[in-house]
Amino acid sequence: MPRIVTVLTLCWSCLLFYAGLGLFLSGFLLVRVELRSRSSCGEAPMPSAWGGRQGEGVTPDSCWMARRFSKAIVLIIDALRFDFAKYDPKNRNPKPFENKLDVIYHSVISKPEHARLFQFRADPPTTTMQRIKGMTTGTLPTFIDVGSNFASSAIQEDNLIQQLVQNEKKVVFMGDDTWEGLFPNKFFKSFPFPSFNVKDLHTVDDGILQHIYTTVEGNEWDVLIAHFLGVDHCGHRYGPHHPAMAEKLMQMNKMLRSLIGQLQNDTLLVVLGDHGMTNTGDHGGDSEGEVNAALFIYSTLPLFEIKPAEDSNVVSQIDLVPTLALLLGIPIPYSNIGMVMVDLFISEPKLDDNQYLEQAKALHINAIQVNRFLESYSYAAKDLPVTKLKYLKELFSTAVMEYNDLITIMQKSEKIVPDQDFHTRFQNLLITQQRYLRETKEVCRESWARFNPAHMLYGIVLLAATCMHCFLVSETASTFESLYKQLLLYPVIWGLTAGLTVYFWMLISGIRLEPLMICFWIAFGSHVSFHWNFWRLECKKHNHSDKLIQSSNICNQQKWKSWLKCFIPLGILLLRCLAMFSNSFVITEGQVVSFLLKSLVTFTVLKLKWNGKLNSYCLNTPFVPDIQKNSGSMSYKRESCYLIVFMMTFMVCILFSSNFYHCREEIADCEPSPFLKPLSRISNSQEKNFHYILSVSSLGALVYLIRRWFLHYGNLNSSHLVVFFIRLGFPFIVFCLCCYWAVNAASEETSIKLQDLIKKIMIIIPGIVFVLVITGFLIVLWNPITVFIKDNRESDETLVPSYKDSMATEVDSLHVVPLIYRKMQKAMSIHFNDNQTKTQTMAAYGLGTVYSAALITILTLLTLLLIMLHNERMSLAFLLLFLEGFSFLEIHGTTRNLSLQSNNTGYFFVPWYAVTAWAFTATQFFYATGHQPTFPAIQWNAAFVGFIEGHSTNILPALLVGMNTFASHILFAVGCPLLLLWPFVREMKSCKSKNIKKESGDEDQVMEMRLREKPQMFSAALLQLGMRYLFVYGVQLLASVCAVAILRRHLMVWKIFAPKFLFEALGFVVTSIYLLITFCFIMRVDVAVNKWFKELLLKQSR
Amino acid sequence: MRDIELRGMFSAHIILVLSIVFSTLVPSLFLDEFSVTGTHLLWLCVCSATVSAVTIVLYLLLETNPTSSKKNSPSSKVTKIFRSCLLFFISCVIFHGILVLYGAPLLVSFRETFMFAVLLSTFTTLRCLCMLGPNVQAWIRVFSKNGAMSIWDTSLQITTICSLFGAWLGAIPIPLDWDRPWQVWPISCTLGATLGFTISLVIAPLWIYWHKKHLTYKCR
Ligand SMILES: [Zn+2]
Ligand SMILES: [Zn+2]
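Rules used throughout
Residues numbered from 1 in each chain as written. Chains lettered and ligands numbered in written order. Predicted model: local features only at pLDDT ≥ 70, side-chain atom pairs only at ≥ 80, totals over all residues. Heavy atoms only, no water. Helix = DSSP H or I, 4+ residues; strand = E, 2+ residues; numbered from the N terminus. Contact = heavy atoms within 4.5 Å. Areas by Shrake-Rupley, 256 points an atom, 1.4 Å probe, with all protein chains shown as cover. Buried < 20%, exposed > 50% of the residue type's maximum accessible area, 1.4 Å probe, protein only. Pairing = 2+ DSSP bridges. Axes fitted to C-alpha atoms, helices over the stretch in contact; angles between N-to-C directions. Parallel < 35°, antiparallel > 145°, perpendicular 65-115°, else oblique. Nonpolar A, V, L, I, M, F, W, Y, C, P; charged D, E, K, R; others polar. Donors = N, O, S within 2.8 Å, 3.2 Å for Na, K, Ca; no water. Tetrahedral: all angles 85-135°; square planar, octahedral: opposite > 155°, others 65-115°. Buried area = accessible area lost by both parts, 1.4 Å probe. Salt bridge = Lys/Arg side-chain N within 4 Å of Asp/Glu carboxyl O. Polar contact = N/O pair within 3.5 Å; in protein donor to acceptor, adjacent residues only side chain to side chain. Core = buried A, V, L, I, M, F, W, Y, C linked by side-chain atoms within 4.5 Å. Domains from an automatic or database assignment.

### A word on the overall build of chain A
When you go through chain A residue by residue, the secondary structure sums to 41 helices and 10 strands. Taking the contacts inside chain A whose residues are at least 6 apart along the sequence as the reference set, 81% of them involve residues at least 24 apart. Looking at chain A as shown, the accessible area adds up to about 46900 Å², and 62% of this sits on carbon and sulfur atoms.

Below is the structure:
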């Protein structure tokens, strides 16, 4: 029963947290209402009579405006940064990405009327799917869309492709298969290629090149879209400063040249980058390098006015949408807010026509379309500010009036008199129209960063209440089990009742069903009930105790003391939470957390010293001067030496682990850790070999140390399947990983045959590891007990030989932790009096560490899996992680043992400092495994470990990438129960025997068997530990939530705070899930141990 | 007896405080470009030199160490001084090591870090040396809950804890992007340590005065 209560309480608290988080997210993450309306040819924004001179009108296959081109080729070179496309003839020593696209330069120079290069400003987030959406619909993507890059679902809004298809144009597509997902069944013909495998530089591009020329020659198309991915993948894999980039860009250059040669008169060629890349080759954020892409427009017909040689013009990415639409003679997509690029609307016959007429016309159509969209949008969503809308409306009507005026003037006076006044009026009109369009874009951009403050507030309140709940439960965990009815059952019932009531009310009153609101009411009801019950009980208790103890002074003092005890750890936790509110602290969070962690641990040890727990006897006892000289007045315990050594290890581990930090782009002069570069990127073979050996040996050391630990506590003696797996399975996995890394690091300039073989190996080995790890989990779940019983009655020879060949006798004799069968027997003798006669003892190897051995097995399996998901050089970071965790546990265990010399029940409480430090260590290693809470820093490569060909679903890659990103959160959440177990493991014989001298013969180490002896206290301790861990994480989450809510208009919100918050939230979810699983696992081990004892008893009684 | 002692301590502490103020203000009279943040290294040297000189002089005048009252032979005095110097140097090195472990740059501003370690040693180790002699055991004894055996020990506890805490607090504003001159390593930390030390010098006698009743020194 107590086990179930523990797990259920934890579960319920997690759910409460999720409810608060979900509510906050729904208020914070921006959503834009998508309008489903579509533009159509029939609803032309203006009668064709205005569209210029009579007679010319609109050609039959044009809508809205006479088309200039009947065909268009749109080439998207993914991640084509602006400076990739620039060409500087003076640059003698170009970098790999410079001066490679000379065809652009030459055509711009030689035919300025035909070609022009633009800076193409992308809106953040600069992920490919967002950009494709923006470039086809003409709207601004919102923040929430970032995450859906995995599950690219079809675009519902009106878009260019939709319009093309609607107007019976044949759209042929080739390249990145994201398009297929966004526009299913829209293309006349398509050649999609898998896009997600970043390592693959050539498949997509070669596939396009195979088809593109033949397609262009054959006339089965009107619009051809080709999306090249090579440059982007090259950036992700090698960065822009790699020879491979030069090669890739040269290939693009060649392709462009031959395509330009093939071009016909009525075809427009558009070459664009959907976004740029940072100096490390990533993208997703809003730094200058990522936002600044290139746009190159070319046609064999003269298209541009010859302008004085300016450097280049800047256009917004969504401006391409109306431009392309009008040039091709199709309606502008309904929700477009882009502005036509007026440079492309020069009137053809230049001499006799008004040069501004075409431009004004295009802008006029554009303005009318935008106005129509604004009207229907503000009708549907009401989130655009009314005053701004009014202002825009005025601007619009003046522009329209002026336009109509001018047109009528032109129509009246048949012969055009291009007098100065007329020209200035036209110019002014253009300016007004452009202002209208530009300001509309701005208004939209601003208000689509809109929040729902009510939801945010409710979310924060719920989160705060849940944190409070966790704290209260953890403080009263020892009595919780008896009160579970009031504190768990009733709140749940109340919550569900409240939720159901609201649900029915919603049903009856016909309000739209909102699952989130129901969740809110459930959480709210349970909170109210919990707190009401809790404080009522507290009051009752107080009344009782007041009657019992007259002098509440002592009581108060004790209370103060216990408060002071947790003051420092919680104060440091508070500091960490405050740090979330400052962008500079968030940027340098890795250092901040490790600093706080070091302070916390140092403080704990110093406090131990201050309290005199390190001295072996009391100071104030009078002592003889002689002793003072001989043995030193303070004879320090051996443990203090131990403590100092482990403190040093701990600090040094933190120091070294800071070498693995990734860089944020905000820090100017920061070199990302060299360890983040996978081996395959190192060109120097000697260096490569060295680092290969380094990573292999650190992996080997990791597994070897764990094995030593098992040996030390005698957990490798039995012949169970688990032990077998630990002995053979672990080394085999290590071997597999080494092979995998070797193959992975091999240079790519090998023969094709070998390439095939390598590809196979790259799939098979990770597969083997996956299978082995899963088998390991299953085996541990099936029988987690690693205890071996040596019966002293029988001679050693009968039992031992079966394992002795692999175990040295020295180990056998030294590393035995004899458990104390006697102790158990004593307890049993009450039930089985007849057993008393048999006084033989049995030694149970490893019984003292049953729980932790099982947990460590799981941890090791997880670590091996996670190491495989990282790049090979991170194995050193994981070794450091283990060392740091181990030294912290040792410090913790020793400290607990020293400060609890006589207090047996004190073992069952995990103090705040330990929990806080554990959570901090998890955060610190989040950074020290090469992660940062930013989107470009996510290591997408993890999705391809063992799945080179890519995935068919989105769940598996998301899982793999998630495990990679939150590796340290997972490991520390799973390792969390060790905080409770370790003081038992480190139990000191000396102090025990000193304190319980009266019971002689009872001085054996019982270690973790104490936990089994007191199941009630065990589950209470687990409950408290879990609640405290959740509290520490929850408070951090609450802090980041508050930070992001308060600073939501901060300049850095989308760059720093929002990603940090999302990572914190995801980290919390991952941690809580793994925490729950671990606790269930510990319960499973407990059940198995109890069963094992029962069987042993049965055997004994026979 | 107590009150006299307390008064002596108070005046000694005030002299120390004045010496710190002196070391910040006076050099600017002689040197044109002297400022605490601008020529930080120089200030560090001046400050630690002044404080250590004043501490030693005060110690010689006051004879605060009760155990050293008995006459020592000159040779033992020499060894004692030698041991003290050695211990001081070791403590500087240890402080430097701790600073590096706490995230100070290892090579970049080595001199600054080492001078910071020296400053910390003057605030803590030197005072220990003066009051308790070169006896590490005694130092370790003093820094525990019931370890203080005189009001001097108590003041030692307070000043040491406060200066270290000040240095710790000083590290916190370093990552902020305010771009102030005092955010450069180790200026904020040294300032924090100095401030902590100064404040504790004032506070220690007052604290002892107020807690007179609770402070009982058993082994006097
Ligand atoms: Zn892209
Ligand atoms: Zn990319």
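On we go from here.
### Here's the deal with the pairing of strand S2 (residues 115-121) of chain A
All names here are of chain A. For S2, the tally of buried residues reaches 6 of 7 residues, placing the bulk of the element in the interior. Judged from the 7 bridges that link them, S2 and strand S7 (residues 292-299) form a sheet pairing that is antiparallel. Residue pairing across strands places Ala-115 opposite Tyr-298, the latter belonging to S7. Inspection of the sheet shows S2 paired to strand S8 (residues 313-316) by 4 bridges, in the parallel sense. Within S8, the position partnered with Gln-119 by the bridge is Val-314.

### Some thoughts on the sheet that holds strand S5 (residues 223-228) of chain A
Residues and elements named next belong to chain A. Spatially, S4-S3-S5-S1-S6-S7-S2-S8 is the arrangement adopted by the 8 strands of the open sheet, whose pairing is mixed. In this open sheet, the two edge strands, each paired with only one partner strand, are strand S4 (189-193) and S8. Looking at each pair of strands side by side, their axes are set apart by 15° on average, direction ignored. Of the strand pairs in this sheet, strand S1 (residues 71-77) and strand S6 (residues 267-272) are connected by 6 bridges, and their pairing is parallel. When the sheet's bridge partners are listed, Leu-75 is paired in S6 with Val-271. Contacts from helix H3 (residues 102-110) reach S2 and S7 within the one sheet, and its direction differs from that of S2 by about 125°.

### A short note on the environment of Leu-462 of chain A
Residue and element names in this part refer to chain A. Take Leu-462: it is sitting in helix H15 (residues 453-475). With relative accessibility at 3%, the residue Leu-462 sits in the buried group. Residues Leu-462 and Tyr-713, spaced 251 residues apart in sequence, show a C-alpha to C-alpha distance of 45 Å.

### Some details on the packing of helix H20 (residues 567-579) of chain A against helix H22 (residues 589-610) of chain A
Residue and element names in this part refer to chain A. Where H20 contacts H22, the two axes come as close as 10 Å, and the packing angle between them is 170°. Considered as vectors, H20 and H22 are oriented roughly antiparallel to each other. Contacts between H20 and H22 pair Ile-568, Pro-569, Ile-572, Leu-575, Arg-576 and Ala-579 from the former with Glu-589, Val-592, Val-593, Leu-596, Ser-599, Leu-600 and Phe-603 from the latter. A per-class count over the contact of H20 with H22 returns 10 nonpolar, 1 polar and 2 charged.

### Focus: the coordination of the zinc ion (ligand 2)
Residues and elements named next belong to chain A. Here the zinc ion (ligand 2) is held by the protein donor atoms Asp-232 (OD), Asp-232 (OD), His-236 (NE2) and His-283 (NE2), which lie 1.9 to 2.4 Å from it. Relative to the metal, the 4 donor atoms surrounding the zinc ion (ligand 2) lie at angles of 57 to 145°, and the coordination shape comes out irregular. Along the chain, the residues that donate to the zinc ion (ligand 2) are spaced as D-x3-H-x46-H. In this structure, the zinc ion (ligand 2) lies 4.5 Å away from the zinc ion (ligand 1). With His-236 in helix H8 (residues 230-238) and His-283 in the loop between S6 and helix H10 (288-291), this pair connects stretches of sequence that are 47 residues apart. Under the relative-accessibility criterion, His-236 is labelled buried at 19%.

### Thoughts on the interface of chain B and chain A
Between chain B and chain A, the residue contacts involve 19 residues of the former and 23 residues of the latter. Between chain B and chain A lies a buried interface of about 2100 Å² when both sides are counted; carbon and sulfur atoms form 68% of it. Ranking the residues of chain B by area buried against chain A places Leu-101, Tyr-102 and Trp-168 of chain B at the top, with a combined share of 32%. For the pair chain B and chain A, the interface holds 0 salt bridges. Connecting chain B to chain A are 8 residue pairs in polar contact (both at pLDDT 80 or more). When residues of the side of chain B that touches chain A are traced back to their parent elements, those giving at least two are helix H4 (74-101), helix H7 (136-142) and helix H8 (151-170) of chain B. Considered class by class, the residues forming the side of chain B that touches chain A number 10 nonpolar, 5 polar and 4 charged.

### Comments concerning the nonpolar core
All names here are of chain A. Judged by nonpolar contacts, the single largest core of 267 residues is most densely connected at Phe-24, Phe-28, Tyr-851, Phe-888, Tyr-1029, Phe-1031 and Phe-1061. Looking at this core element by element, the count peaks at 22 residues for helix H41 (residues 1053-1101). In terms of domain composition, this core takes at least three residues from each of domain 1 (1-29 + 451-547) and domain 3 (577-788 + 847-1069). Setting aside chain neighbours within four positions, we find Tyr-1029 in contact with Val-915, Trp-918, Ala-919, Ala-922, Phe-972, Ala-973, Cys-976, Thr-1071 and Leu-1075. Judged by nonpolar contacts, the second largest core, of 85 residues, contains Leu-160, Ile-318, Val-342 and Leu-406.

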